[in-house]
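What the coordinates show
Below are the chains, spelled out letter by letter.
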Amino acid sequence: MLIEHAIASFFASAAFGIIFQAPRNTLIKCGLVGMIGWIIYISLVWEEVDSVPATLIASFVIAMVSQMLARIYKTPMIIFSVPGIIPLVPGSLAYDAMRSFVQNDYSVAISIAAKAFMISGAIAFGLVFSEVLNQIIKKMRQTKAQLR
């Protein structure tokens with residue numbers, strides 16, 4: 001079952017890399033970033049971790065891997081992080097929330113919309129937290145180099 005999730009998330013991320021016009025030589029790496037993030041997410045969910053913290057952890061790892069690949073291949077981080085984050089986007093939840101609104105089932109709609117909003121926030125927070133951590137490490141290295 002995990003293999004199927006890995007393959008599907010790889011192709012989804014690589015396909016969005018194509019849509020977002022990522023350079024051809026980065027498409028496999030985009031797929032791998034998305035696959036890593038999704039495997040982390042789905043493994044945590046299978047271990048009965050709530051989807052919001054699982055998304056936060058997975059998006060943090062996606063951002064860290066994207067930063068690493070950006071340094072190695074001397075490309076912008078966004079080339080890897082945007083396609084990599086796609087499998088985590090709560091599109092089906094947003095759809096279900098809208099469908100519930102249209103069907104006048106407001107209590108269910110608000111509940112689902114709140115979950116979609118929290119997952120979206122977890123994605124944003126994971127990406128930002130990774131960047132903040134990266135900046136702190138960079139400052140510490142600069143300070144250490146200046147002290148030598």
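For the structure, check the block above.
Our subject in this report is the structure included herewith. Model, not experiment: these values are computed from the prediction.

The next subject is helix 5 (residues 91–102). Helix length check: helix 5 (12 residues) gives 17 Å between terminal C-alpha atoms against 16 Å at 1.5 Å per residue, within 8%. Backbone geometry just downstream of helix 5 places Asn104 in the positive-phi region, at approximately 60°.

Following the sequence through the fold, Ser9 ends up in helix 1 (residues 2–19). Side-chain polar atoms of Ser9 contact the backbone oxygen of Ala6, separated by 3.0 Å. Every residue in contact with Ser9, bar those within four places of it in the chain, is listed here: Gly31, Gly34, Met35, Trp38 and Pro87.

Taken as a whole and assessed by the stated rule, the structure comprises six aromatic pairs. Measuring from ring centre to ring centre gives 5.8 Å for Phe16 and Phe20, while their planes differ by 40°; the resulting arrangement is tilted. Phe16 sits in the partly exposed class, given a relative accessible area of 30%. With 5.3 Å between their ring centres and 40° between their planes, Phe60 and Phe129 make a pair best called tilted. Here the residue Phe60 occupies a position in helix 3 (residues 51–73), and Phe129 occupies one in helix 6 (residues 106–147), the gap between them amounting to 69 residues. The partly exposed category is assigned to Phe60, whose relative accessible area is 22%. Grouping aromatic residues by their ring pairs yields a cluster made of Phe60, Phe125 and Phe129. Residue placement shows Lys29 over the ring face of Tyr73; its charged tip is 4.4 Å from the ring centre.

Bringing unusual backbone geometry into the picture now. Despite not being glycine, Gln21 has its phi angle at roughly 60°, a positive value. In this fold, Gln21 is placed in the loop between helix 1 and helix 2 (27–46). Classification of Gln21 by relative accessible area gives exposed; the value is 71%. Of note in the backbone geometry, Lys74 takes a positive phi value of approximately 50° without being a glycine.

So, how was this worked out
Residues numbered from 1 in each chain as written. Predicted model: local features only at pLDDT ≥ 70, side-chain atom pairs only at ≥ 80, totals over all residues. Heavy atoms only, no water. Helix = DSSP H or I, 4+ residues; strand = E, 2+ residues; numbered from the N terminus. Expected span 1.5 Å × (residues − 1). Polar contact = N/O pair within 3.5 Å; in protein donor to acceptor, adjacent residues only side chain to side chain. Contact = heavy atoms within 4.5 Å. Phe/Tyr/Trp six-rings, centres within 6.5 Å; stacked < 30°, edge-to-face > 60°. Buried < 20%, exposed > 50% of the residue type's maximum accessible area, 1.4 Å probe, protein only. Lys NZ or Arg CZ within 6 Å of the ring centre and 35° of its normal.

Shape is all these values report; function is a separate question.
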